[in-house]
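Secondary and tertiary structure notes
The primary structure of each chain is shown beneath.
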Amino acid sequence: MTATTTAPVAATPVRTTRPPSARLRAWATRAPLLPALIFMIVVTQLPFVATLVISFFDWNALYPDARKFAGLGNYQEVLTDADLRHSVWTTVLLTVAVVLASLILGLVLALLLDRKFKGRGVVRTLLIAPFLVVPVAAALLWKHVLYNPEYGLFNGLLHYVGGPQPDWISNTPLLAVEASLVWQWTPFMMLILLAGLQSRDHEQIEAARVDGASDWQIFRHLTLPHLRRYLELGALLGSIYIVQNFDAVFTITSGGLGTANLPYTVYQSFYQAHENGLASAAGVLVVIGSIIIATFALRVVSSLFREEVSRA
């Protein structure tokens, strides 16, 4: 007799479909979010798509009949025009200076507030206050209350000690804009870094003190590496805002004296020169730069969350 063997029959995967009731519950869960999603698309995405389309046209509002398709001509002009290139450089310089100064000052203030002393809550509230001021109001405060050469606080203090009476905005226009932005953004950096300081492993710090480590060694080898992610987060979030800043430049210098950044140039091209296509192209470049920075910021935030979850 010959033994017959039967080949094993491959098991066919069984598809499991959710019952209609489960799908209905899923849609019912998402339904309250649909109005917010539709509102976000209408308010943010549709205007951006319209701006993107307009950026490919040679379109001057004063001559609507002369509108024609320009392809990448507007983008080429943005990247090759001397004034526009200068505004890009001013934007980079303004962003780097403000973010670095805010981070350094925010780190110093965070280290001070991390210590226990009487009245720390009041001091923390006062230090946060500049960040809560409306940006235009903050710029007006610096322009008229501090910088004014006749009745400003800075010149009043210099007059009291017999010093000179400079015109701060005319002599140092870009520094004047940077100082107002640093004053407003230092509290934001301070809060981020203070949260990082309070999330340190205090047992590790105490062990280092027992081993004879000095305060500088603890800061250099323990605190600063721990704050690296928080420093990156503060720098990225601050850069997203400063790249798009318009209020301080418009209010303090009106874009003059070499302080016109890219957002102000967009405003100038659109509202003064009526060059809709050119202004749209410059605006698209600003959005692209902001998206690139925001992408890095989201990665840093996600890595921070992963670290906190792993510690828990």
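Note that the structure is a prediction, hence the values are computed from the model and not measured.

What about the overall build of the protein?
Counting its regular elements, the protein contains 15 helices and 2 strands. Its C-alpha radius of gyration of 28 Å places the protein more than 25% over the 20 Å reference for a compact globule of 312 residues. Structurally, the protein occupies a C-alpha span of about 120 × 80 × 35 Å along its principal axes. Across the 312 residues of the protein, 33% fall into the buried class. Taking as baseline every contact in the protein between residues at least 6 positions apart, the subset at least 24 positions apart corresponds to 69%. On the protein, the mean spot of the 22 positive side-chain charges and the mean spot of the 19 negative ones are 14 Å from each other.

Some details on the UniProt feature "transmembrane region" (unreviewed entry) in the protein
Under the local residue numbering, the UniProt record ascribes the feature "transmembrane region" (unreviewed entry) to residues 33-57, 88-113, 125-142, 174-197, 230-257 and 277-301. Segment residues 125-142 splits into 89% helix and 0% strand. End C-alpha atoms: 21 Å apart. Counting secondary structure, residues 174-197 comes out at 100% helix and 0% strand; the distance between its end C-alpha atoms is 33 Å.

Comments concerning the packing of helix H11 (residues 215-226) against helix H12 (residues 228-243)
Relative orientation of the contacting elements H11 and H12 amounts to 45°, with a least axis distance of 4 Å. Between H11 and H12, the crossing angle belongs to the class labelled oblique. Listed contacts from H12 to Leu224, Pro225 and His226 of H11 are Arg228, Arg229, Tyr230 and Leu231. Among the residues forming the contact of H11 with H12, the class breakdown is 4 nonpolar, 1 polar and 2 charged.

Digging into the packing of aromatic side chains
Evaluated as defined, the whole model comprises 18 aromatic pairs. Considering the side-chain rings of Phe250 and Tyr264, the 6.4 Å spacing of their centres and the 40° angle between planes classify their relative orientation as tilted. Here Phe250 is found in helix H13 (residues 247-253), whereas its partner Tyr264 is found in helix H14 (residues 262-272), with 14 residues between them in sequence. Here Tyr264 and Tyr267 contribute two aromatic rings whose centre-to-centre distance is 5.5 Å and whose plane-to-plane angle is 50°, an arrangement assigned as tilted.

Side note on the side chain of Ser280
Residue placement: Ser280 occurs in helix H15 (residues 276-311). Given the relative accessible area of 8%, Ser280 is considered buried. Separated by 2.7 Å, the side chain of Ser280 and the backbone oxygen of Asn276 make a polar contact. Filtering out sequence-adjacent residues up to four positions away, Ser280 remains in contact with Thr51, Ile54 and Ser55.

Considering the packing of helix H3 (residues 73-80) against helix H4 (residues 82-113)
Between H3 and H4, whose axes approach to 5 Å, the crossing angle comes to 65°. As far as their axial angle goes, H4 and H3 are roughly perpendicular. In contact with Glu77, Val78, Leu79 and Thr80 of H3, H4 contributes Ala82, Leu84 and Arg85. Each residue belonging to the contact of H3 with H4 can be placed in one class, and the counts come to 4 nonpolar, 1 polar and 2 charged.

So, how was this worked out
- Residues numbered from 1 in each chain as written.
- Predicted model: local features only at pLDDT ≥ 70, side-chain atom pairs only at ≥ 80, totals over all residues.
- Heavy atoms only, no water.
- Helix = DSSP H or I, 4+ residues; strand = E, 2+ residues; numbered from the N terminus.
- Rg over C-alpha atoms; globule rule 2.2 N^0.38 Å.
- Buried < 20%, exposed > 50% of the residue type's maximum accessible area, 1.4 Å probe, protein only.
- Contact = heavy atoms within 4.5 Å.
- Lys, Arg positive; Asp, Glu negative; His and termini not counted.
- Charge placed at Lys NZ, Arg CZ, Asp CG, Glu CD.
- UniProt positions renumbered as here; feature names shortened; annotations may be inferred.
- Axes fitted to C-alpha atoms, helices over the stretch in contact; angles between N-to-C directions.
- Parallel < 35°, antiparallel > 145°, perpendicular 65-115°, else oblique.
- Nonpolar A, V, L, I, M, F, W, Y, C, P; charged D, E, K, R; others polar.
- Phe/Tyr/Trp six-rings, centres within 6.5 Å; stacked < 30°, edge-to-face > 60°.
- Polar contact = N/O pair within 3.5 Å; in protein donor to acceptor, adjacent residues only side chain to side chain.

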